[in-house]
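# Reading the structure
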Amino acid sequence: MNLLAYMQRLSEEINGRFLEYDTSKSVIVVPLKDGRYQAVQGTLRTLDDGHTQTITFVSKVCTYNPDIDLKTFLLENRNLFYSKFAVDNDFIKVEASVFIEFLNDANTSFLKQMIIEVAETADAWEGKLTGIDIF
């Protein structure tokens, strides 16, 4: 499986823009309504067992600050199908993960929906929390 080629194909199928970083990381810039865009980073990861590989799709929402009620995000996680909110390196993020075995032609529709949910959710909450579009 050529991860970068697969990510590039997914990007083309959702009319996004593909940016390659290295063999284990790339970005799809996802077009949204009203001419907005949201970057979703795809990263290949190996779990602690040393052999299980996943791809994680992540999009930043905003910088975390103590005034943000994290319970709101825990409650919102119940409304998401593929993704979840997380806090990592002082950023609130939306992320979704899938085993690398799911990167195949039979799951293309599912993976596109996953990437779009990450992008749309991050963009919506970015707007709610900051009032601006951070790209």
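Residues numbered from 1 in each chain as written. Predicted model: local features only at pLDDT ≥ 70, side-chain atom pairs only at ≥ 80, totals over all residues. Heavy atoms only, no water.

### Topic: a nonpolar patch on the surface
Nonpolar side chains collect at one region of the surface, where L47, F99 and F102 lie side by side and expose about 260 Å² of accessible area between them. Among the secondary structure elements, F102 is positioned in the loop between β6 (91-99) and α3 (108-130). (Patch = residues over 30% accessible without salt bridge, like charges linked within 9 Å, V, L, I, M, F, W, Y side chains within 5 Å. Areas by Shrake-Rupley, 256 points an atom, 1.4 Å probe, with all protein chains shown as cover. Salt bridge = Lys/Arg side-chain N within 4 Å of Asp/Glu carboxyl O. Helix = DSSP H or I, 4+ residues; strand = E, 2+ residues; numbered from the N terminus.)

### Focus on the packing of aromatic side chains
Tallied over the full model, the rule gives six aromatic pairs. Aromatic pair F73 and F85: ring centres 4.7 Å apart, planes at 55°, arrangement tilted. Of the two residues, F73 sits in helix α2 (residues 70-77) while F85 sits in strand β5 (residues 84-88), which places them 12 residues apart along the sequence. Ring centres of F85 and W125 lie 5.6 Å apart, and the angle between their planes is 80°; on these two criteria the pair is classed as edge-to-face. With F85 in strand β5 and W125 in helix α3, this pair connects stretches of sequence that are 40 residues apart. By relative accessible area, which is 9% here, F85 ends up buried. Taken together, F81, Y82, F102 and F110 form an aromatic cluster joined through their ring pairs. A cation over an aromatic ring shows up here: K60 above the ring of F91, its NZ or CZ 4.1 Å from the ring centre. (Phe/Tyr/Trp six-rings, centres within 6.5 Å; stacked < 30°, edge-to-face > 60°. Buried < 20%, exposed > 50% of the residue type's maximum accessible area, 1.4 Å probe, protein only. Lys NZ or Arg CZ within 6 Å of the ring centre and 35° of its normal.)

### Description of the environment of E101
Tracing the chain through its elements places E101 in the loop between β6 and α3. The exposed category is assigned to E101, whose relative accessible area is 56%. Sequence separation between E101 and I55 is 46 residues, and the spatial gap between their C-alpha atoms is 9.6 Å.

### Some thoughts on the layout of surface pockets
Take a probe with the size of a water molecule and roll it over the atoms, and the empty space left behind shows itself. Here the largest pocket is characterised by a volume of approximately 470 Å³. Around the largest pocket, the lining comprises 22 residues; the ones closest to its centre are A39, Q41, V58, S59 and K60. Elements with a minimum of two residues in the lining of the largest pocket: β1 (17-22), β2 (25-31), β3 (37-46), β4 (53-63) and β6. Here the lining of the largest pocket gets six residues from one element, more than from any other, and that element is β4. For the lining of the largest pocket, the residue count by class is 11 nonpolar, four polar and seven charged. (1 Å grid on protein atoms, 1.4 Å probe; cavity = no way out; pocket = protein on both sides within 12 Å on 5 of 7 lines; lining within 4 Å. Points joined across faces, edges and corners; volume = space filled by probe spheres on them. Nonpolar A, V, L, I, M, F, W, Y, C, P; charged D, E, K, R; others polar.)

### Looking at the pairing of β2
Most of β2 sits inside the fold, with five of its seven residues counted as buried. Note: β1 against β2, five bridges, orientation antiparallel. In the strand pairing of β2, E20 is matched with S26. In this antiparallel pair of consecutive strands, β1 and β2, the connection spans two residues. Summarising the sheet, β2 and β3 pair through seven bridges and their orientation is antiparallel. Bridging across to β3, V27 finds its partner in Q41. Here β2 folds back onto β3 in antiparallel fashion, the turn holding five residues, of which D34 has a positive phi close to 60°. (Pairing = 2+ DSSP bridges.)

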